[in-house]
Amino acid sequence: SVIPDEVFARTPKRNVIDKRVIEQLRRLNLKPSKPSSDSEFIRRVYLDVVGMLPTPQETKAFLADTSETKRDDLIEKLLAQPEFVDYWAYRLSDLFLISSKKLRPLALKAYYDWLRGEIEKITPWDQLVRQVVAAKGDTLKNGAANFYSIHQDPETMAENVSQAFMSLSINCAKCHNHPLEKWTNDQYYSFANLFARVRAKGWGGDSRSGDGARTLFIADRGDLIQPRTGKPQPAAPLDGQAIASDSTEDRREALADWLTSPENPYFTRSIANRVWASFFGRGIVEPVDDLRISNPASNEPLLQAISEHLAKNGYDLKSLMRLILRSETYRRSSTPLPENEGDQKYYSRYYPRRLMAEVLQDAITSVTRVSPKYNRITLSDGSTEGTSLYREGTRALQLSDTSVTSYFLKTFGRKEREITCECERSNKPSMVQVLHLSNGDTLNNNLRSKQSRVNTMITQSNGDIIDEAYLLCLSRRPSDSERKRLQNIFEVTPETERRGVVEDLFWALMTSREFLFQH
């Protein structure tokens with residue numbers, strides 16, 4: 001049945017995001033879900049902005065707050081927290097491939113510290129990318145230069161710059177004209193030739209030896225040969241001006257100018273789409289790093305609007321995040337209506353998704369108060385070695401290296417940072433994950449541990465235990481029926497078995513979809 005126009009007219013529209021989404025929902029006859037509850041919102045926004053669950057105290061204060069601006073106030077508070085910097089440094093480390101499989105510990109630390117420092121300073125995205133693309137000097141002093149320690153030939157440099165900062169895969173054009181895109185084999189070699197003069201002292205040999213220090217510099221001459229013709233292609237950005245072959249300037253400076261220009265449609269759309277996907281679980285273009293012409297956006301005016309907002313606001317990623325978080329689109333309930341349950345890409349509702357591995361590990365730690373030890377790293381040959389980089393109590397989102405040994409993080413789909421592709425991270429539930437949560441060490445050992453929160457809660461009243469467990473795990477109070485059922489169980493439990501019941505309550509909540517999923 002046709003949804004009346006007044007339904008869409010009545011739906012609140014806070015900003016340009018809501019206007020573009022509602023215009024499309026009206027065209028597609030999809031009814032928007034109602035707004036999320038305060039409990040849903042506080043849990044959602046904490047997990048999406050800082051990758052952590054709110055504490056029971058924070059949840060209770062938010063639920064009790066009657067001010068009309070409380071959601072906006074909470075957004076501002078979270079955007080200013082140091083945990084925001086940890087979370088986004090971790091997310092963007094995936095894009096920059098920060099991993100000890102390719103870097104020695106001191107080089108890895110320099111690279112990660114540089115990235116985290118730029119996020120903390122709120123460095124605009126275009127300036128941050130420019131620092132990487134045109135980086136040179138000592139890799140221990142200029143952390144950004146480690147991008148070129150990971151990618152050591154012009155072709156790989158070109159492919160990864162294109163994938164990371166424009167969401168364009170140009171690999172196919174290495175051998176032939178791209179079958180699904182306009183990029184030709186000649187354009188590929190022109191683009192790769194921009195990197196032909198990048199040199200480093202200290203490259204080669206065993207990457208596990210030494211401190212990882214390399215000095216990156218630009219040679220005066222040198223070109224990449226196009227194998228088909230046996231001659232170099234003039235160095236040029238994709239669809240950009242060629243650089244004179246006798247010029248001794250650093251070709252990457254011209255590339256950085258072209259790449260970060262607001263006129264470069266791929267650059268702005270790429271990061272706008274990535275930021276959007278981090279809050280909604282799917283991009284306006286999906287897969288998130290595939291912006292080719294033959295893969296259109298689910299809502300082109302929406303992608304244009306958020307890209308324009310980002311460029312107008314000087315590539316300040318926080319400004320785009322604020323726009324998204326304040327929108328009614330982000331605040332919608334994840335509960336489908338009969339009129340929108342088939343929608344998977346037009347944002348008539350919020351789409352539930354499993355928590356990413358690191359956020360889930362940290363959530364389990366925050367509930368149980370038992371931290372995993374991150375004291376070994378797995379080398380590329382599968383062997384492990386000790387590391388003292390991570391002190392007791394380090395959260396998974398504070399790990400600078402995805403080679404840190406962790407069965408839990410591996411099982412739940414941590415990104416290995418081998419390639420610049422979102423496809424490397426998996427949020428898909430699997431039978432191994434189910435079995436690990438049910439019978440594995442992580443949950444069961446945490447609950448049984450002498451350090452476990454269960455120890456301190458046993459002495460509380462039955463009602464307080466039930467309330468606190470729900471607030472800790474689900475950021476809500478139990479419903480009347482849930483409370484009544486649990487009260488009955490506690491009342492008939494002998495004192496000698498009380499601890500087991502508290503453990504079982506936490507286990508049941510933490511293996512529920514409501515805990516494991518962002519919703």
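A quick note: this is a predicted structure, and the numbers were derived from the prediction, not measured.

1. A word on the overall build of the protein
If you tally the helices and strands in the protein, you get 24 helices and nine strands. Its C-alpha atoms give the protein principal-axis dimensions of roughly 85 × 60 × 40 Å. Counting over 519 residues, the protein shows a buried share of 56%. Within the protein, residue pairs in contact and separated by at least 24 positions form 69% of the contacts whose partners lie at least 6 positions apart. Roughly 22,200 Å² of accessible area belongs to the protein as shown, and the carbon and sulfur atoms make up 51% of that amount. Of the charged side chains in the protein, 73 are positive and 69 negative, and the gap between their average positions amounts to 1 Å.

2. Describing helix H12 (residues 251-259)
If you check which residues of H12 are buried, you get Arg251, Arg252, Leu255, Ala256, Trp258 and Leu259. Buried residues of H12, viewed axially, fall in a sector of 165°; they line one side.

3. As for the packing of aromatic side chains
Taken as a whole, this structure holds 28 aromatic pairs when the rule is applied. With centroids separated by 6.3 Å and ring planes inclined at 40°, the aromatic side chains of Phe84 and Trp88 adopt a geometry described as tilted. With Phe84 and Trp88 both in helix H6 (residues 82-96) and four residues apart, the pair spans about one turn of that helix. Note on accessibility: Phe84 and Trp88 belong to one class, buried. Taking the centre distance of 6.0 Å and the plane angle of 90° together, the rings of Phe96 and Trp114 count as edge-to-face. You can see Phe96 sitting in helix H6 and its partner Trp114 sitting in helix H7 (residues 105-120), a full 18 residues away along the chain. The exposure class assigned to Phe96 is buried, which follows from its relative accessible area of 0%. In this structure Trp114 comes out as buried when scored by relative accessible area, which is 9%. Over the ring of Tyr330 we find Arg44; its NZ or CZ atom is 5.8 Å from the centre of that ring. Here Lys70 stacks its cationic end above the ring of Phe62, 4.6 Å away from the centre of that ring.

4. Re the pairing of strand S3 (residues 215-218)
Of the two faces of S3, only the one carrying Leu216 and Ile218 is buried; Thr215 and Phe217 on the other face are not. Across two bridges, the pairing between strand S1 (residues 137-138) and S3 is antiparallel. The residue of S3 that forms the bridge with Gly137 is Leu216. Here strand S2 (residues 198-201) runs beside S3; their pairing, made up of four bridges, is antiparallel. Counterpart to Arg199 in the pairing with S3 is Phe217.

5. Some points on the packing of helix H14 (residues 300-312) against helix H15 (residues 317-326)
Packing of H14 against H15 brings their axes to within 8 Å, and their N-to-C directions diverge by 140°. Considering the angle they form, H14 stands oblique to H15. When the axes of H14 and H15 are compared, the crossing they make is right-handed. Mapping the contact onto sequence places Ile306, His309 and Leu310 in H14 and Leu317, Ser319, Leu320 and Leu323 in H15. Of the residues that constitute the contact of H14 with H15, the class distribution is five nonpolar, two polar and no charged.

6. So, the sheet that holds S1
If you walk across this open sheet you meet the three strands as S1-S3-S2, and the pairing is antiparallel. The sheet terminates laterally at S1 and S2, the two strands that pair on one side only.

7. Let's talk about the pattern of salt bridges
Throughout the structure, instances matching the rule amount to 29 salt bridges. In this structure, the salt-bridge partner of Glu23 is Arg20, at a minimum N-O distance of 3.1 Å. On the criterion of helical spacing, the pair formed by Glu23 and Arg20 is a turn pair, its members being three residues apart in helix H2 (residues 16-28). The salt bridge involving Asp113 is made with Lys109; its shortest N-O contact spans 2.6 Å. Highlighted residues: Asp113 and Lys109, both in helix H7, separated by four residues, approximately one helical turn. Note on Asp113: relative accessible area 36%, which makes it partly exposed.

8. A few points about H2
Residue pairs spaced three or four apart in an α-helix point in one direction, given the helix's 3.6 residues per turn. In a regular helix each residue adds 1.5 Å, so 13 residues correspond to 18 Å; H2 covers 19 Å between its end C-alpha atoms and thus fits that length. Buried residues of H2: Ile17, Asp18, Val21, Ile22, Gln24 and Leu25, and no others. One side of H2 holds all its buried residues, which, seen down the axis, span an arc of 165°. Of the surrounding secondary structure, the elements contacted by the buried residues of H2 are helix H1 (5-10), helix H13 (265-280), H14 and H15. In the segment just after H2, Asn29 is the residue with positive phi, at about 60°.

9. Remarks on the nonpolar core
By size, the foremost hydrophobic cluster in this structure holds 149 residues, and its most contacted members are Phe96, Trp125, Phe165, Phe506 and Phe515. A per-element tally of this core places H6 first, with nine residues. Filtering out sequence-adjacent residues up to four positions away, Trp125 remains in contact with Leu92, Leu95, Phe96, Phe165, Phe267, Ile271, Tyr315 and Leu317.

10. Overview of unusual backbone geometry
At the junction of Glu286 and Pro287, the peptide bond is cis and its omega measures out at 0° in the coordinates. Note on placement: Pro287 falls in the loop between H13 and H14. Positioned with a positive phi, Asn29 is a non-glycine residue whose angle comes to about 60°. Looking at where Asn29 falls in the secondary structure, it is placed in the loop between H2 and helix H3 (38-49).

11. Observations regarding a nonpolar patch on the surface
A contiguous nonpolar surface patch, about 300 Å² in accessible area, is contributed by Met431, Val434 and Leu435. By the secondary structure assignment, Leu435 is in helix H18 (residues 431-439). Judged by its relative accessible area of 46%, Leu435 is partly exposed.

12. Looking at the environment of Lys415
Structurally, Lys415 is set in the loop between helix H17 (407-411) and H18. The class of Lys415 is buried, set by a relative accessible area of 2%. Separated by 12 residues in the primary sequence, Lys415 and Ser403 have C-alpha atoms spaced 9.7 Å apart.

Conventions and cut-offs
Residues numbered from 1 in each chain as written. Predicted model: local features only at pLDDT ≥ 70, side-chain atom pairs only at ≥ 80, totals over all residues. Heavy atoms only, no water. Helix = DSSP H or I, 4+ residues; strand = E, 2+ residues; numbered from the N terminus. Buried < 20%, exposed > 50% of the residue type's maximum accessible area, 1.4 Å probe, protein only. Contact = heavy atoms within 4.5 Å. Areas by Shrake-Rupley, 256 points an atom, 1.4 Å probe, with all protein chains shown as cover. Lys, Arg positive; Asp, Glu negative; His and termini not counted. Charge placed at Lys NZ, Arg CZ, Asp CG, Glu CD. Arc of directions from axis to C-beta. Phe/Tyr/Trp six-rings, centres within 6.5 Å; stacked < 30°, edge-to-face > 60°. Lys NZ or Arg CZ within 6 Å of the ring centre and 35° of its normal. Pairing = 2+ DSSP bridges. Axes fitted to C-alpha atoms, helices over the stretch in contact; angles between N-to-C directions. Parallel < 35°, antiparallel > 145°, perpendicular 65-115°, else oblique. Left-handed = near helix turned anticlockwise from the far one by under 90°. Nonpolar A, V, L, I, M, F, W, Y, C, P; charged D, E, K, R; others polar. Salt bridge = Lys/Arg side-chain N within 4 Å of Asp/Glu carboxyl O. Expected span 1.5 Å × (residues − 1). Core = buried A, V, L, I, M, F, W, Y, C linked by side-chain atoms within 4.5 Å. Patch = residues over 30% accessible without salt bridge, like charges linked within 9 Å, V, L, I, M, F, W, Y side chains within 5 Å.

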